[in-house]
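Remarks on the overall topology
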Amino acid sequence: MTTIPQTTHASRTAGIPSILKTAVINALVALVLFSLMVGIRTEAGSDGQLTYWTRFGELASLVAVVFGGSIVIELLRQWIGPSGAERLVPPAVHTGMAFVGRFLAPALLIFALLVPVIFYNQRYILDLAILVLTYVMLGWGLNVVVGLAGLLDLGYVAFYAVGAYSYALLATNFGWSFWVCLPLAGILAAFWGMLLGFPVLRLRGDYLAIVTLAFGEIIRLVIINWQELTGGPNGVSGIPRPTLLGIPLDNSDDGLAAKLGIEYSPTHRIVFLFYLILAMALLTNWVTIRLRRLPIGRAWEALREDEVACRALGINTTSTKLTAFATGAMFGGFAGAFFATRQGFISPESFTFQESALVLAIVVLGGMGSQLGVALAALTMIGGFELFRGLETYRMLVFGMAMVLIMIWRPRGLIGHRAPTVFLTKAKAISSDLVKEGHG
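Conventions used here
- Residues numbered from 1 in each chain as written.
- Predicted model: local features only at pLDDT ≥ 70, side-chain atom pairs only at ≥ 80, totals over all residues.
- Heavy atoms only, no water.
- UniProt positions renumbered as here; feature names shortened; annotations may be inferred.
- Helix = DSSP H or I, 4+ residues; strand = E, 2+ residues; numbered from the N terminus.
- Contact = heavy atoms within 4.5 Å.
- Areas by Shrake-Rupley, 256 points an atom, 1.4 Å probe, with all protein chains shown as cover.
- Core = buried A, V, L, I, M, F, W, Y, C linked by side-chain atoms within 4.5 Å.
- Buried < 20%, exposed > 50% of the residue type's maximum accessible area, 1.4 Å probe, protein only.
- pLDDT = per-residue confidence, 0-100.
- Phe/Tyr/Trp six-rings, centres within 6.5 Å; stacked < 30°, edge-to-face > 60°.
- Axes fitted to C-alpha atoms, helices over the stretch in contact; angles between N-to-C directions.
- Parallel < 35°, antiparallel > 145°, perpendicular 65-115°, else oblique.
- Nonpolar A, V, L, I, M, F, W, Y, C, P; charged D, E, K, R; others polar.
- Salt bridge = Lys/Arg side-chain N within 4 Å of Asp/Glu carboxyl O.
- Patch = residues over 30% accessible without salt bridge, like charges linked within 9 Å, V, L, I, M, F, W, Y side chains within 5 Å.
- Polar contact = N/O pair within 3.5 Å; in protein donor to acceptor, adjacent residues only side chain to side chain.

Labelled according to an unreviewed UniProt entry, the protein chain appears under the name Branched-chain amino acid ABC transporter permease, originating from Bradyrhizobium neotropicale. Database annotation for the protein chain, UniProt heading Subcellular location (unreviewed entry): "Cell membrane".

See below:
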């Protein structure tokens, strides 16, 4: 007969001072951070002098929320714990979640295909959907470098900029169509990705991140200062729009509406752009999945897990890193070319470090290595900005708190995926001739 330990209640009671201490520390940190963000607001008056007003009541409310939330989180961690958390969710719920997850990706794909049909007369929704798909494609491209190969890249926006300016300059100076410039933009971005890969072959971790961050800033500064080629801060305008098999989507006599004998609508071009970026994103997803199952994809995964062991297995880490940088940069170049043709105008302000940080946050929150997770994270983050737009000054605060909570409860992202592509399903016996002991 087993006896139940009686020390559980005592250990939980002994943890109360520690919980209160943690909550007080978190509340003090919140008080310091929010004092200038929320407690005191400043504004330039009509006479040019600086005026300010206080909101101590709202500041006290936020500090109280942090204090109470810290207590709740610590209590859940102590009273439920990892094993209790598993018992908290019944097996039937786990089975249902697995069943839903199996059909989630097809359902999202079907919904994406029907978005222009459902929201045809809502230009804002269509533009937002195009923006979300653009970041999905960027996230899948960076996922090759960060999620599969384990190389922290903080300068991914550089390849986004290379693709955008490659298409803009080729289209405006030589009059080439979008379909000709698109692969060239990807090739040029992949070339710059390989140039970045050579100096960082021996770097890893924080040092690799610093170098990639510097590379992104170098590209941005070159774009700003090389005015004869890039237009400098003024950017490039008059970028041609894409055509459908050479047929423009405008109101001219040679336009698609005139040839089909239908009434012209500006929404036709928006719908075409939506399906174009959707096709490009799906192509990125398909290529990434296929590459993961090839030897190069398995080499990326081995490099991510342990570079020393990867070298010991005889894998060429130089080519592995270069292919990862080049592949991710190519997808970023494709997304940049689409961004340029959609906007019709590009400037250096569109390719700052904030873009790299946003794409990296999408990959990390979605789950490094997870294609579906990245798509859900892009939908959550880009759509979340619009969902909280009505909160005005509190939008970034609420959104940041939501990201912190996600990283606390799902440290590997929404859909963490680090399982190897190829693995042994059962133990495999070894011939006794190959074993020194003489038995398999």
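Picking up after the structure, the text goes on.
Remarks on the overall build of the protein chain
When helices and strands are counted, the protein chain shows 18 helices and four strands. Sequence separation of 24 or more characterises 72% of the internal contacts of the protein chain that already satisfy a separation of 6 or more. When the accessible surface of the protein chain is summed, it comes to about 25000 Å², and 67% of that surface belongs to carbon and sulfur atoms.

Here's the deal with the nonpolar core
Leu142, Leu151, Tyr167, Ile346 and Phe351 are the most contacted members of the largest nonpolar core, which totals 90 residues. Sorting elements by how many residues they give to this core places helix α6 (residues 123–148) first, with 16 residues. Not counting residues within four places of it along the chain, the set of residues in contact with leucine 142 comprises Gly147, Asp153, Tyr156, Val359, Leu360 and Val363.

Considering the UniProt feature "transmembrane region" (unreviewed entry) in the protein chain
Per the UniProt record, "transmembrane region" (unreviewed entry) is annotated on residues 19–38, 59–80, 100–120, 132–162, 174–195, 270–289, 357–381 and 393–409. Taken end to end, residues 19–38 has its terminal C-alpha atoms 26 Å apart, with 100% of it in helix and 0% in strand. Between the end C-alpha atoms of residues 357–381 the distance is 12 Å, and the span holds 84% helix and 0% strand.

With respect to the confidence of the model for the protein chain
Summing up the model confidence of the protein chain, the mean pLDDT is 80 and the portion of residues at 70 or higher is 81%. Low pLDDT (under 50) marks residues 1–8, which in the prediction has zero contacts with non-local residues, meaning those over four places away or in another chain. In the predicted structure, residues 82–89 sits below a pLDDT of 50 and forms four contacts with residues beyond four places in sequence or in another chain.

Considerations on the packing of aromatic side chains
Under the definition given, this model contains eleven aromatic pairs. Aromatic pair phenylalanine 274 and tyrosine 275: ring centres 5.5 Å apart, planes at 80°, arrangement edge-to-face. On the basis of relative accessible area, phenylalanine 274 is assigned to the buried category, the value being 2%. Site record: aromatic cluster; members linked through ring pairs are Tyr160, Tyr165, Phe339 and Phe351.

Here's the deal with the packing of helix α13 (residues 295–305) against helix α15 (residues 317–343)
In contact at an axis separation of 10 Å, α13 and α15 are set at 105° when each is read in the N-to-C sense. Looking at the two axes, α13 sits roughly perpendicular to α15. Two secondary-structure elements touch here, α13 through Ile296, Ala299, Trp300 and Leu303 and α15 through Thr317, Thr320, Lys321, Thr323, Ala324 and Thr327. In the contact of α13 with α15, the residues fall into five nonpolar, four polar and one charged.

Considering the pattern of salt bridges
A complete count under the given rule lists six salt bridges for this structure. A salt bridge links arginine 123 to aspartate 127, with the shortest nitrogen-to-oxygen separation between them at 3.0 Å. Taken together, the positions of arginine 123 and aspartate 127, both in helix α6 and four residues apart, correspond to about one turn of that helix. You can call arginine 123 partly exposed: its relative accessible area is 43%. For aspartate 127, a relative accessible area of 22% puts it in the partly exposed group.

Digging into a nonpolar patch on the surface
On the surface, Leu109, Ile110, Phe111, Leu113, Leu114, Val117, Ile118, Tyr275 and Leu282 cluster together to form a nonpolar patch covering roughly 790 Å² of accessible area. Among the elements of the structure, α5 (91–118) and α12 (267–292) are those that each provide at least two residues to the nonpolar patch. Per element, the largest residue contribution to the nonpolar patch is seven residues, and it comes from α5. Turning to its location among the elements, tyrosine 275 is positioned in helix α12.

Some remarks on the side chain of serine 347
Position of serine 347 relative to the elements: it lies in the loop between β4 (345–346) and α16 (353–366). Serine 347 gets classed as buried once you look at its relative accessible area, which sits at 8%. Of note is the side chain of serine 347, whose polar atom sits 2.9 Å from the side chain of glutamate 349. Sequence-distant contacts of serine 347, that is, excluding residues within four places in its chain, are made with Tyr165, Pro233 and Gly235.

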